Structure formats: structure tokens, C-alpha cells
Amino acid sequence: MKQALLDTLGHWLPDMTDIRRSIHAWPELAFQEVRTADTVARLLESWGIAVHRGLGTTGVVGSIVGRGPGRAVGLRADMDALPMPEANTFAHASQNPGVMHACGHDGHTTMLLAAARYLAEQRDFNGTVHVLFQPAEEGGGGARRMIEDGLFTQFPMDAVFGMHNWPGLPVGTFGLTEGPIMASSNRFNITLQGKGAHGAMPHLGVDPVVAAAQLTLAFQTILTRNKDPLDAGVISVTQIHTGSADNVIPDQAVLRGTVRTLDDAVLDLIEARMRALSTQLAAAMGCTADFHFSREYPATLNHPAETALCTEVLTGLVGTEHVQTAVRPSMGAEDFAFMLQQRPGCYVWIGNGTGDHRTPGHGAGPCTLHNSSYDFNDALIPLGAAYWVLLAQRALQAD
Ligand SMILES: [Zn+2]
Ligand SMILES: [Zn+2]
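Keep in mind that this is a model prediction, so the values were computed, not measured.

Caption draft 1: Spatial organisation of the sheet that holds strand β10 (residues 233-242). Strand order across the open sheet formed by four strands is β10-β12-β8-β13, with antiparallel pairing between neighbours. Among the strands making up the open sheet, the edge pair consists of β10 and β13 (288-297). Going across the sheet, the axis of each strand differs from the next one's by a mean of 15 degrees, ignoring polarity. Two elements, β10 and strand β12 (residues 252-261), share nine bridges in a ladder whose sense is antiparallel. When the sheet's bridge partners are listed, Gly-233 is paired in β12 with Thr-261. Taken strand by strand, helix α6 (residues 208-226) contacts β8 (184-193), β10 and β12, and its axis lies near 175 degrees from that of β10. The strands touched by helix α7 (residues 264-284) are β8, β10, β12 and β13; relative to β13, the strand with the most contacts, the crossing angle is about 165 degrees.

Caption draft 2: The arrangement of helix α2 (residues 34-46) in detail. Relative to the 18 Å expected for 13 residues at 1.5 Å per residue, α2 spans 18 Å between its end C-alpha atoms, a close match to the ideal helical length. The complete set of buried residues in α2 reads Thr-36, Ala-37, Thr-39, Val-40, Ala-41, Leu-43 and Leu-44. Elements that come into contact with the buried residues of α2 comprise α1 (2-25), β1 (50-55), β2 (59-65), α3 (105-122) and β4 (126-134). Residue Gly-48 follows α2 closely and has a positive phi angle near 80 degrees.

Caption draft 3: Representation of α6 in the model. Helix length check: α6, at 19 residues, gives a terminal C-alpha distance of 25 Å against a target of 27 Å (1.5 Å per residue), a fit within 8%. By the burial criterion, the buried members of α6 are Pro-208, Ala-211, Ala-212, Leu-215, Thr-216, Ala-218, Phe-219, Ile-222 and Leu-223. Looking at the buried positions of α6, the neighbouring elements they touch are β8, β10, β11 (248-249), β12 and α7. With a side-chain oxygen positioned 2.8 Å from the backbone nitrogen of Val-209, the residue opening α6 is Asp-207.

Caption draft 4: Expanded view of the coordination of the zinc ion (ligand 1). Distances from the zinc ion (ligand 1) to its protein donors, Cys-103 (SG), Glu-138 (OE), Glu-138 (OE) and His-370 (NE2), fall within 2.0 to 2.8 Å. Binding-site remark: the zinc ion (ligand 1) is held by donors from one chain whose sequence spacing is C-x34-E-x231-H. Distance-wise, the zinc ion (ligand 2) is placed 3.1 Å from the zinc ion (ligand 1), both being coordinated by Cys-103. A residue pair is termed long-range when its members are at least 10 positions apart, and Glu-138 in the loop between β4 and α4 (142-148) and His-370 in the loop between β16 (345-353) and α10 (380-395) qualify at 232 residues. Judged by relative accessible area, which is 22%, Glu-138 ranks as partly exposed.

Caption draft 5: Representation of the coordination of the zinc ion (ligand 2) in the model. The protein atoms that coordinate the zinc ion (ligand 2) are Cys-103 (SG), His-105 (NE2) and His-164 (NE2), at distances spanning 2.1 to 2.3 Å. Along the chain, the residues donating to the zinc ion (ligand 2) are arranged with the sequence spacing C-x1-H-x58-H.

Caption draft 6: How the structure looks around the pairing of β1. Two elements, β1 and β2, share five bridges in a ladder whose sense is antiparallel. Paired with Ala-50 across the strands is Ser-63, a residue of β2. Hairpin connection, β1 to β2: the antiparallel pair is bridged by three residues, and Gly-56 has positive phi, about 65 degrees.

Caption draft 7: Local environment of the pattern of salt bridges. Going through the model one piece at a time under the given rule, you end up with 16 salt bridges. Across the pair Glu-334 and Arg-76 runs a salt bridge, and its minimum N-O distance is 2.5 Å. Of this pair, Glu-334 sits in the loop between β15 (323-324) and α9 (336-342) while Arg-76 is found in strand β3 (residues 68-78), placing the two residues 258 residues apart along the sequence. For Arg-76, the salt bridge identified is with Asp-335, shortest N-O distance 3.4 Å.

Caption draft 8: Geometry of the packing of aromatic side chains. Across all of its chains, the model carries eight aromatic pairs by this definition. Geometrically, the ring pair formed by Phe-174 and Tyr-387 is tilted, given 5.7 Å between the ring centres and 45 degrees between the ring planes. With Phe-174 in strand β6 (residues 174-175) and Tyr-387 in helix α10, this pair connects stretches of sequence that are 213 residues apart. A relative accessible area of 0% places Tyr-387 in the buried class. With centroids separated by 5.7 Å and ring planes inclined at 80 degrees, the aromatic side chains of Tyr-297 and Phe-338 adopt a geometry described as edge-to-face. Linking Tyr-297 in strand β13 with Phe-338 in helix α9, this pair joins segments that are 41 residues apart in sequence. Accessibility expressed as a relative area gives 5% for Tyr-297, which makes it buried. Chaining the aromatic ring pairs together yields one cluster made of Phe-174, Tyr-387 and Trp-388.

Caption draft 9: Examining the nonpolar core more closely. One finds Leu-44, Val-129, Phe-133, Phe-161, Phe-174 and Tyr-387 to be the most contacted residues of the largest nonpolar core, which totals 68 residues. At twelve residues, α10 tops the list of elements feeding residues into this core. Membership of the second largest hydrophobic core comes to 24 residues, among which are Leu-215, Leu-267, Met-274 and Cys-287.

Caption draft 10: The arrangement of unusual backbone geometry in detail. At Phe-31, a residue that is not glycine, the phi angle is positive and equals roughly 65 degrees. Positive phi, close to 85 degrees, is recorded for Thr-57, a residue that is not glycine. Within the secondary structure, Thr-57 is located in the loop between β1 and β2. Overall, the relative accessible area of 39% leaves Thr-57 in the partly exposed class.

Caption draft 11: Quick peek at the side chain of Asp-80. As for its placement among the helices and strands, Asp-80 is situated in the loop between β3 and α3. One buried charge, Asp-80, has no salt-bridge partner; the nearest side chain with opposite charge is Arg-76, at 7.1 Å. A distance of 3.0 Å separates a polar side-chain atom of Asp-80 from the backbone nitrogen of Glu-137. A polar side-chain atom of Asp-80 sits 2.8 Å from the main-chain amide nitrogen of Glu-138. What Asp-80 contacts, discounting residues up to four positions off in sequence, is Glu-28, Leu-29, Ala-30, Glu-33, His-101, His-105, Pro-135, Ala-136, Glu-137 and Glu-138.

Criteria and cut-off values
Residues numbered from 1 in each chain as written. Chains lettered and ligands numbered in written order. Predicted model: local features only at pLDDT ≥ 70, side-chain atom pairs only at ≥ 80, totals over all residues. Heavy atoms only, no water. Pairing = 2+ DSSP bridges. Helix = DSSP H or I, 4+ residues; strand = E, 2+ residues; numbered from the N terminus. Axes fitted to C-alpha atoms, helices over the stretch in contact; angles between N-to-C directions. Contact = heavy atoms within 4.5 Å. Expected span 1.5 Å × (residues − 1). Buried < 20%, exposed > 50% of the residue type's maximum accessible area, 1.4 Å probe, protein only. Polar contact = N/O pair within 3.5 Å; in protein donor to acceptor, adjacent residues only side chain to side chain. Donors = N, O, S within 2.8 Å, 3.2 Å for Na, K, Ca; no water. Salt bridge = Lys/Arg side-chain N within 4 Å of Asp/Glu carboxyl O. Phe/Tyr/Trp six-rings, centres within 6.5 Å; stacked < 30°, edge-to-face > 60°. Core = buried A, V, L, I, M, F, W, Y, C linked by side-chain atoms within 4.5 Å. Lys, Arg positive; Asp, Glu negative; His and termini not counted.

Here it is as C-alpha cells:
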């Protein structure tokens, strides 16, 4: 059965590669995935799959009903691209200037399309497979928008599953872990108010630049002195905006950045300590601080039973030696986390390789996510699709 599946998916690879490259050539930003969603919906319909368009703005849900009654599962792919220029010059490079599929969502979409086609042709399961094509994974919270728009009430599901390509992990290899696999992502925006003065007469003002520098360094002590050293946490001040002239001490300095954790207790601690340091250190320096902290994506937490199920399916597909079952989590974030807050499930990584698949026409940079020389590895399409099919069949086993 597995060989027949791989043969069929291999046979479809040229067509699926064309689909993937067409999506790559026409990347669309969060909540603007109009062409991509239309491509997805038309293909699903052409394979006899019932389609719901426009969930959470541009999201698409295809529902594949099996032979008999049973449970329902959701398989999810993301469709959006990133606001960055593409350095590749091959034929399928971005035709939309300043927008690029640099995270492989074109590949995720295509792998799930191939699986949907196969499942719709075979229907050798009981219950329903919902294939979920979401908008706006890259910071827009498209998964949350689909949930708010009735994803789990309109399409009842017992479990949900996600997959992301992972450069650096060899092709043919998968990685997953129970519990946190991706971090929460959170933003902060702090305005330090001082008093402007002549750059030569600092004693007549209150310098927010020095306070911003002190605060940036003080935040790092939260990680080393306040949090348990065995807990993961990142505080990155990524922007400091202040000043307009060499000889002017400005009134204000603004600090912005990101906080990542795998766990809410650590996040609570970091937020509280950042708030305290901002207000108290600013006061100690004669400034005031306006502190804003916003929690964006929660940590992606894989559920134990579904992680075991995915491990079993992956082991059957590629063998124990090609399944890394306890990967170290990434401090990147993923809005599939919102779906895992609603339903049990599991999110896995599929190895995208080291970049060896790249042919002339790729940019000079490394083939890593969010790099302008990145390209999804088309060789993964049959493998990723086979995983989706075997997972759906196993989760909804026909008698
Ligand atoms: Zn990304
Ligand atoms: Zn991504």
C-alpha cells in the first residue's frame, strides 16, 4: 500500500512541481492570498472535493468524506509569503516585487494539495479529512482568524496536524517532539521620556539615550539572573530609535523587540521583570517609561497521544533512523499553536536538506528560511504528501 502511494505521488510530481513553482512565482502577503486561495480551491473542486472559501478572509477548507462514518481530522498548510525581495533568478522567481515565498509555504500548500487529491481518489478511510489552507501565518495570525470565523464549529474535528519544512534537516528525515516544539512570540515597545538638551550641555537635560543603553543591557540580566537557567527564553531588543543630530540630546528613545519562551510561567516572569526594570531603571535615570507588551503567538505544544501517532506513521514511512523524535524546540514561532489550543494534535518538521537541490539561478545566500536565496525543495512533495495520506488513513482507520 505504501509503495503504491509513493508511486502515484511520484507520478504526479511533475504536475505538482508546476503548481508549486507557479505559487512561488506569484507570492502573496498575509490576508491577500487571493490568487493562491483560488488556485487551491479550483484544484480541490476539480478533484471532487467540497470546498469552503473565504474562511478567515482568504482561508480555504476542503472536506473529503470517507467511506463510512467516523472521526474527523484537520491537516493544515499555510499559503502566505513574506515582504522581502527574492535574490533567485530562475524561471519561477517571484513576479511580485518585494514579496517572496522564503518560508516554503508554497511547498506546504502543494504537499497538502497532492495528499488531498490522493485521499479524494481513494477515500479509504472512515470519517472526514478537512484540508485547511490558512492565510497569514507570518505574523498575521491567520489560524486564529479562521478559528474566530468558525473553523472548529463549521468543521468539527477531533485532531489537527501541521507540518513545516526544515532546512538543515536531511531530506527523507522528519523531526518532532512531544510538548513545546516552537516558542511563543511576543513584542514590546517602550518609550523612554527624558528632556532634550544641547549635546555639549548634558547637565541641562535628561538623556534618554543612556537610559536606553542601560535598559537594553539590564534586560539580559532577566535571562541570566531571574529565570531558571534550565528554562528557555530570549529577549532581543531589535530596534532603538532616537535622536536626529550629532549635537542634540533627544527628548525620547524608543526600544522595540521580541521575547520568546516555551512556557507561560517564564513568559509571565519576563514580562513582569521587563516592566519593573523599564519603569524603575528609567526613574533612576530621571526618565519616565511607557511600557507596552503584546503577546502574539502562543508556544506550539504537541499533544502526547497525537505525537505518538505521528511518530508511528513517520516511522512506518521513512524508518526509525530517519525520525528524530525528541528534537530541540525552535525559538521561532508558528500560529498553528492557536489550533493546538483548540484541538489535540501535532506539528512536525520535514527535512528540506542542505540546499543541494538548488540549481543555477539561485541567489548566493544560504538556503535557510527567510533568506532571499531560499527555495522549497520539490523532492519533498511526494514524501510530505505521503505522510499526510498515511496519517489521515491511520487516524481514521477503515475497518
Ligand atoms: Zn516563516
Ligand atoms: Zn513558515
